[in-house]
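The residues making up each chain are set out below.
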Amino acid sequence: MIRHIVMWNLQDHAEGADKATNLAKAKTLLLSCAQVVPGIQTFEVATATPGMDCTNDLVLHMLLDDAQVLAAYQNHPQHVAIKPFMKAVVKERRCMDYPL
């Protein structure tokens, strides 16, 4: 199994919208990819909780059967289609993949 974790911080204003609007849209877009390929065991998307000490605005946590499933997800047209929006609104991105 592979664990895939991505964390983002968004710009305060981008694509004609404020951070809260873009954060909600980013979460919706990511969730739309939850079942694009077989072999995704866990797919969680969360936003920072107001009042809690957080270092990132948005996180994606996935458990996948293997590296081939991760590659299929990364290259799936539905996932590829959300990348331009994410790149436009994100100020910082961190990612880590590791085998279990």
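Everything below is about the structure printed above this text.
We now turn to the structure provided with this report. (Residues numbered from 1 in each chain as written. Predicted model: local features only at pLDDT ≥ 70, side-chain atom pairs only at ≥ 80, totals over all residues. Heavy atoms only, no water.)

## Quick look at unusual backbone geometry
Next up, step 1: One non-glycine residue with positive phi stands out, namely Glu15, at about 55°.
Next up, step 2: With respect to the helices and strands, the residue Glu15 is situated in the loop between β2 (13-14) and β3 (17-18). (Helix = DSSP H or I, 4+ residues; strand = E, 2+ residues; numbered from the N terminus.)

## Quick look at the packing of helix α2 (residues 67-75) against helix α3 (residues 77-89)
Next up, step 1: Orientation of α2 relative to α3, taken along the N-to-C sense of each, is 55°, at an axis distance of 5 Å. Between α2 and α3, the crossing angle belongs to the class labelled oblique. For the pair α2 and α3, contact is made by Tyr73, Gln74 and Asn75 and by Pro77, His79, Val80 and Lys83, respectively. (Axes fitted to C-alpha atoms, helices over the stretch in contact; angles between N-to-C directions. Parallel < 35°, antiparallel > 145°, perpendicular 65-115°, else oblique. Contact = heavy atoms within 4.5 Å.)

## Here's the deal with the state of the cysteines
Next up, step 1: For the coordinates displayed, the defined rule picks out 0 disulfides.
Next up, step 2: No disulfide involves Cys33; its sulfur sits 15 Å from that of Cys95, the nearest cysteine.
Next up, step 3: Residue Cys33 is classed as buried on the basis of its relative accessible area of 0%. (Disulfide = S-S within 2.5 Å. Buried < 20%, exposed > 50% of the residue type's maximum accessible area, 1.4 Å probe, protein only.)

## Brief notes about the sheet that holds strand β5 (residues 58-64)
Next up, step 1: Strand order across the open sheet formed by 4 strands is β4-β5-β1-β6, with antiparallel pairing between neighbours. Because the sheet does not close on itself, it has two edges, and the strands there are β4 (40-47) and β6 (90-99). Taken pair by pair, the neighbouring strands of this sheet meet at an average axis angle of 10°, ignoring direction.
Next up, step 2: In terms of strand pairing, β4 meets β5 through 7 bridges, oriented antiparallel. (Pairing = 2+ DSSP bridges.)

## A closer look at α3
Next up, step 1: Along α3, the sharpest kink reaches roughly 30°, centred on Lys83 and followed within four residues by the proline Pro84.
Next up, step 2: Looking at α3, one finds that the buried residues are His79, Ile82, Phe85, Met86 and Val89.
Next up, step 3: In this fold, the buried residues of α3 make contact with β1 (2-10), β2, α1 (19-31), β5, α2 and β6. (Bend = angle between axes of the 7 residues up to and from the residue.)

## What to know about the environment of Val45
Next up, step 1: Relative to the helices and strands, Val45 is located in strand β4.
Next up, step 2: If sequence neighbours within four positions are ignored, Val45 has contacts with Lys27, Leu30, Leu31, Leu58, Val59 and Leu60.

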